[in-house]
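Listed here are the chains, written in short residue letters.
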There are 2 protein chains.
Amino acid sequence: MAKVSPPPECLFKPMNFPHKVLMGPGPSNCPPRVLGASALPMLGPMHPEFTLIMDEVKAGIKYIFQTNNEWTVCVTGSGHAAMETACLNLLEPGDTVLVGINGLWGERFADMVHRQGIDVKTLHRPTGEVFTFEEIEEALKKHKPTLLSLTHGESTGGTLQPLEGIGTLCHKYNCLLLVDSIASCGGVPLFMDLWGIDCLYTGAQKVLSAPSGASPISFSKRAKEKVKNRLTEVRSLYFDMNHLANYWGCDGEARRYHHTGPTSCIYAIRESLAVLAEQGLEESWKKHKHCAELLYEGLEKIGLELLVKDKSIRNPCVTVVKVPDGVDWKSVIEYTRKTYRVEIGSGLGVLVGKVWRIGLMGYNCTPDNVRLVLRVLEEALRVTRTAKL
Amino acid sequence: MAKVSPPPECLFKPMNFPHKVLMGPGPSNCPPRVLGASALPMLGPMHPEFTLIMDEVKAGIKYIFQTNNEWTVCVTGSGHAAMETACLNLLEPGDTVLVGINGLWGERFADMVHRQGIDVKTLHRPTGEVFTFEEIEEALKKHKPTLLSLTHGESTGGTLQPLEGIGTLCHKYNCLLLVDSIASCGGVPLFMDLWGIDCLYTGAQKVLSAPSGASPISFSKRAKEKVKNRLTEVRSLYFDMNHLANYWGCDGEARRYHHTGPTSCIYAIRESLAVLAEQGLEESWKKHKHCAELLYEGLEKIGLELLVKDKSIRNPCVTVVKVPDGVDWKSVIEYTRKTYRVEIGSGLGVLVGKVWRIGLMGYNCTPDNVRLVLRVLEEALRVTRTAKL
């Protein structure tokens, strides 16, 4: 037998675990009930007890998406995995995609599409702004895309893209509507069926306040037809909705083994969907609106300015705050982290160093947390300014 | 505001949770310590405390793979996600792949490659057999592949593919060696560097006895060069090793946000790697061999026959047992499940109805569990036979 290299020393020490208040753009803290569910014992991917839990998850997703779509599942992976599932299933060579880019998430989707060798057209808005109905219609006319992709809650700029009417508009131009609701679903009104959204996905670690690892996605009848009528195979076995829909019991056929689902993540998301069901979507939407308004008010009081001026297009789940002139953004984040274990998010992409991002999502969205984040932010601004003098 | 559809009734009831002994081909039961780690509080994907845990996971993977490869990470997804990561990064149009098929996993890999429009050649052996050095060399000469894919522990047939010398052989023919060790890594000797394996992956839910959701994968220097020298972009942003290697701190550059890792799965796999490090690989290999031998002996005693005759090519982690003539395989599985909550696996693919599969992996691999499974299997055979008379 060959000589075995020794185990690494670092694994002989316990993990270092600070309890933090995660007030950035995600992940959120999980309620103890959801963490507890993560620790429940394993079941096999085809065990009836597990497929029952999958059915409950599916029912919960239909509720938070407000949809009756048959093809409603969780992808095994982070929100990016759901994004890639949408891209790989809905598109094939010959398609043209129109991607609305007003932050990182649109850029990411365009990157994914580009890698498939599919024609990508882009519609740009500065981060912090949203697209108008008129410019979308103009772009649909011009590019004749088969798919329009928009980000509902753009966590880069803190915007909320108005979606009412866009589905109908897309269908008029024979185009499907894909919506990324990772940073908004559950926290603001969202009606997949009513608004004619053809593919919608979200993540577990935002408003749902569950660990990342299983990501909800749903396809409308129209979107499902598009997948069923593909001329080419889906370029991924792992993300192939034909298989996933069967494994999730969406096609009326007996379930066949496809892959081993992320058991503990499925337990956790099932429990977080139960939390949201018990609270009720309307209450959750109200709570997010209320807390966000408290936050806006408090931020203005301590002299901070929001990136998004127009309140009606602000995403209550993620608030983007401008770093005032002369303030060292990094010191502020480090101060709140080191002194209070409160995590505030930094800027992404073009906004690195120019903004902070404050998340109020799900379990973390409480007036107490708003007061906490305002208090530590005010103190951090004071202390880091003084330190520099 | 539109009318909101009500939440589903099923989410108002608690989850149904039988504690089972999972003696199938995976998932295994998780030790309480690993389940406990799953329930630890969230950290952000870029928090220094989390990246430290990622570093520890990386060190643990290098240990169980016995490798010093820089590009060693976890993919966010099940073992199939790691398989797809290997396929998407190592191959591009113009490549030729040789896939050894002696069970479902080779078929799956061939399917993944085929979906990329890449030339797939296959080498077949009936399930329950392995490939010889000579036939591999012959196929390498004939097809001149750029990649050879083999399954180390084929859980379909219960075989263990001998790998010593295959790496050197592949390199002689300018070919990379890819190995699937999902159902074997940690339970049997495996030396990635020494054996010249260029890409190796495993799953969390087998010998590691952690929940599925984060899957270890490693690329040799040669494999990394192949990825770096691609003429085309990797056809997935999510699985692109250039990004994953950076996010996992493998490229010497500052980590950039790529996606939100599956926090609770990473905690769990970190803890399961610690369990294996504390036990020591040699002890683990010994334990799996010992328990498997107890199982073989006991099965023969109750008159059952193993699919794989040659002991030297049996995978101690998954034992495939023939269903005797006249026995209803399904009733036996249902009996052990209903009477004792002991789960025994059914056959896969061509072997459905013809075999049972008994897993002895990680936490579940104990002489007590061997005795338990033998006892319930014997009883089930007796009872179901009598019932039929």
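What you see is a predicted model; the values in this text were computed from it and never measured. (Residues numbered from 1 in each chain as written. Chains lettered and ligands numbered in written order. Predicted model: local features only at pLDDT ≥ 70, side-chain atom pairs only at ≥ 80, totals over all residues. Heavy atoms only, no water.)

### A short note on the nonpolar core
The nonpolar side chains of a soluble globular protein tend to be buried, and buried together.
Right, so step 1: Residues Leu148(A) and Leu148(B) are the most contacted members of the largest nonpolar core, which totals 199 residues.
Right, so step 2: Ignoring anything within four residues of it in the chain, the contact list for Leu148(A) reads Leu98(A), Ile136(A), Leu140(A), Ile166(A), Cys170(A), Cys175(A), Leu176(A), Leu177(A) and Leu178(A). (Core = buried A, V, L, I, M, F, W, Y, C linked by side-chain atoms within 4.5 Å. Buried < 20%, exposed > 50% of the residue type's maximum accessible area, 1.4 Å probe, protein only. Contact = heavy atoms within 4.5 Å.)

### Details of the UniProt feature "binding site: substrate" (unreviewed entry) in chain A
Right, so step 1: In the numbering adopted here, UniProt assigns the feature "binding site: substrate" (unreviewed entry) to Arg357(A).
Right, so step 2: One polar contact links the side chain of Arg357(A) to the main-chain carbonyl oxygen of Ser155(A), over a distance of 2.9 Å. (UniProt positions renumbered as here; feature names shortened; annotations may be inferred. Polar contact = N/O pair within 3.5 Å; in protein donor to acceptor, adjacent residues only side chain to side chain.)

### Quick word on the sheet that holds strand S14 (residues 355-359) of chain B
Adjacent strands of a sheet pair through backbone hydrogen bonds, lying either parallel or antiparallel.
Residue and element names in this part refer to chain B.
Right, so step 1: Here three strands make up an open sheet; going across it, the order is S11-S14-S13 and the pairing antiparallel. Edge positions in the sheet fall to strand S11 (318-322) and strand S13 (345-346), since each has one partner strand and no second.
Right, so step 2: With five bridges connecting them, S11 and S14 associate as antiparallel partners. Directly across from Val320, in S14, lies its bridge partner Arg357.
Right, so step 3: Relative to the sheet, helix H10 (residues 281-301) contacts S11 and S14, its axis offset from that of S11 by approximately 10 degrees. (Pairing = 2+ DSSP bridges. Helix = DSSP H or I, 4+ residues; strand = E, 2+ residues; numbered from the N terminus. Axes fitted to C-alpha atoms, helices over the stretch in contact; angles between N-to-C directions.)

### Remarks on unusual backbone geometry
Right, so step 1: Omega for the bond connecting Gly26(A) with Pro27(A) falls within 30 degrees of zero, at 0 degrees, which places this linkage in the cis form.
Right, so step 2: Positive phi, normally seen in glycine, also occurs at Ser209(A), with a value near 55 degrees.
Right, so step 3: Along the chain, the position of Ser209(A) falls in the loop between strand S9 (199-201) and strand S10 (213-219).
Right, so step 4: The phi torsion at Lys144(B) lies on the positive side, around 45 degrees, for a residue other than glycine.
Right, so step 5: Mapped onto the elements, Lys144(B) comes out in the loop between helix H5 (133-143) and strand S5 (147-151).
Right, so step 6: Taking the relative accessible area as the measure of exposure, Lys144(B) reaches 61% and is therefore exposed.

### Some words on the interface of chain A and chain B
For an interface, size is often stated in terms of accessible area lost upon the parts coming together.
Right, so step 1: Contact residues are listed per partner, giving 93 residues for chain A and 92 residues for chain B.
Right, so step 2: Both sides of the chain A and chain B interface together cover about 7,800 Å² of buried area, and 67% of this is carbon and sulfur.
Right, so step 3: In this structure, the connection of chain A to chain B is made through six salt bridges.
Right, so step 4: Measuring nitrogen to oxygen at the nearest pair gives 2.8 Å for the salt bridge that ties Asp240(B) to Arg115(A). (Buried area = accessible area lost by both parts, 1.4 Å probe. Salt bridge = Lys/Arg side-chain N within 4 Å of Asp/Glu carboxyl O.)

### Here's the deal with empty space enclosed by the protein
Right, so step 1: All told, the structure shown has four cavities of 30 Å³ or more when counted by the stated rule.
Right, so step 2: Quantified by volume, the largest cavity comes out at close to 60 Å³.
Right, so step 3: Contributing to the lining of the largest cavity are Cys87(A), Leu88(A), Leu91(A), Glu92(A), Pro93(A), Gln116(A), Ile118(A), Arg230(A), Glu233(A) and Arg235(A).
Right, so step 4: Residue composition of the lining of the largest cavity, grouped by class: five nonpolar, one polar and four charged.
Right, so step 5: The calculated volume of the second largest cavity comes to roughly 40 Å³.
Right, so step 6: Gly158(B), Tyr296(B), Leu306(B), Val308(B), Arg314(B), Asn315(B), Val318(B), Thr319(B) and Val320(B) together form the lining of the second largest cavity.
Right, so step 7: With three residues, S11(B) is the largest single contributor of residues to the lining of the second largest cavity.
Right, so step 8: Here the residues of the lining of the second largest cavity are counted per class, giving five nonpolar, three polar and one charged. (1 Å grid on protein atoms, 1.4 Å probe; cavity = no way out; pocket = protein on both sides within 12 Å on 5 of 7 lines; lining within 4 Å. Points joined across faces, edges and corners; volume = space filled by probe spheres on them. Nonpolar A, V, L, I, M, F, W, Y, C, P; charged D, E, K, R; others polar.)

### Topic: the pattern of salt bridges
Right, so step 1: Per the counting criterion, the structure on display carries 48 salt bridges over all chains.
Right, so step 2: A salt bridge links Lys309(A) to Glu305(A); the nearest nitrogen and oxygen atoms lie 3.3 Å apart.
Right, so step 3: The class of Lys309(A) is exposed, set by a relative accessible area of 53%.
Right, so step 4: Take Glu305(A): its relative accessible area is 41%, and that puts it in the partly exposed class.
Right, so step 5: Close ionic contact of Arg270(B) with Glu56(B) constitutes a salt bridge, the shortest N to O distance being 2.7 Å.

### A closer look at the domain arrangement of chain A
Residue and element names in this part refer to chain A.
Right, so step 1: As far as domains go, chain A holds domain 1 (21-27 + 281-388) and domain 2 (32-277).
Right, so step 2: The C-alpha-based centres of domain 1 and domain 2 are spaced at 27 Å.
Right, so step 3: Taken together, the contact pairs 24 residues of domain 1 with 30 residues of domain 2.
Right, so step 4: In total, about 2,100 Å² of surface goes out of reach between domain 1 and domain 2, with carbon and sulfur atoms giving 66% of it.
Right, so step 5: Three residues, Leu281, Trp285 and Ile313, lead the burial of domain 1 against domain 2; their summed loss comes to 32% of the area buried on that side.
Right, so step 6: Across the domain 1-domain 2 interface, the total number found is zero salt bridges.
Right, so step 7: For the interface between domain 1 and domain 2, the tally reads nine residue pairs in polar contact (both at pLDDT 80 or more). (Domains from an automatic or database assignment.)

### Looking at the packing of helix H2 (residues 48-65) of chain B against helix H9 (residues 263-279) of chain B
All names here are of chain B.
Right, so step 1: Close contact between H2 and H9 brings their axes to 9 Å; oriented N to C, the two are set at 45 degrees. One finds that H2 runs oblique with respect to H9. In the crossing of H2 with H9, the sense of the turn from one axis to the other is left-handed. Here H2 contributes Phe50, Ile53, Glu56, Val57, Gly60, Ile61, Tyr63 and Ile64 to the contact with H9, which in turn contributes Thr263, Ile266, Tyr267, Ile269, Arg270, Leu273, Leu276 and Ala277.
Right, so step 2: Per-class residue counts for the contact of H2 with H9 are 12 nonpolar, two polar and two charged. (Parallel < 35°, antiparallel > 145°, perpendicular 65-115°, else oblique. Left-handed = near helix turned anticlockwise from the far one by under 90°.)

### Brief notes about the sheet that holds strand S2 (residues 71-77) of chain A
Residues and elements named next belong to chain A.
Right, so step 1: One open sheet holds the seven strands; their spatial order is S2-S10-S9-S8-S5-S3-S4, and the pairing between them is mixed. If you trace the sheet from one side to the other, it starts and ends with S2 and strand S4 (119-124), each paired once. For this sheet the average axis-to-axis angle between neighbouring strands, irrespective of direction, equals 20 degrees.
Right, so step 2: Sheet analysis places S9 next to S10, joined by three bridges and oriented antiparallel. Bridge pairing links Leu200 to Ser218 in S10.

### Notes on the relation of the copies chain A and chain B
Right, so step 1: You can overlay chain A on chain B at an RMSD of 0.0 Å; the transform is a turn of 180 degrees with a shift of 0.0 Å along its axis. The relationship between the two copies is best expressed as a two-fold rotation axis.
Right, so step 2: Interface residue correspondence from chain A to chain B reaches 99%, placing this contact among same-surface, isologous pairings. (Least-squares fit on C-alpha atoms with pLDDT ≥ 70 in both.)

### Section: H10(B)
Residue and element names in this part refer to chain B.
Right, so step 1: Under the 1.5 Å per step criterion, the end-to-end length of H10 is 30 Å for 21 residues, consistent within 8% with the ideal 30 Å.
Right, so step 2: Buried within H10 we find Leu281, Ser284, Trp285, His288, Cys291, Ala292, Leu295, Tyr296, Gly298 and Leu299.
Right, so step 3: Gly303, located one to two residues past H10, shows a positive phi value of around 80 degrees. (Expected span 1.5 Å × (residues − 1).)

### As for the packing of aromatic side chains
Residues and elements named next belong to chain A.
Right, so step 1: Here the structure, examined in full by the defined rule, presents 15 aromatic pairs over all chains.
Right, so step 2: Between Phe50 and Tyr267, the ring centres sit 6.3 Å apart and the planes meet at 75 degrees, which makes this aromatic pair edge-to-face. A residue pair is termed long-range when its members are at least 10 positions apart, and Phe50 in helix H2 (residues 48-65) and Tyr267 in helix H9 (residues 263-279) qualify at 217 residues. Each member of the pair Phe50 and Tyr267 is classed as buried. (Phe/Tyr/Trp six-rings, centres within 6.5 Å; stacked < 30°, edge-to-face > 60°.)

### Concerning the pairing of S10(A)
All names here are of chain A.
Right, so step 1: Burial of S10 is extensive: seven of the seven residues sit out of reach of the surface.
Right, so step 2: Examined bridge by bridge, S2 and S10 share seven bridges and lie antiparallel to one another. The residue of S10 that forms the bridge with Cys74 is Pro216.

### Brief notes about the environment of Gly187(B)
All names here are of chain B.
Right, so step 1: Relative to the helices and strands, Gly187 resides in the loop between strand S8 (176-180) and strand S9 (199-201).
Right, so step 2: Assessed through its relative accessible area of 1%, Gly187 is described here as buried.
Right, so step 3: Counting along the chain gives 52 residues from Gly187 to Phe239, while the straight-line C-alpha distance between them is 27 Å.
Right, so step 4: Ignoring anything within four residues of it in the chain, the contact list for Gly187 reads Val207, Ser284, Trp285, His288, Pro316 and Cys317.

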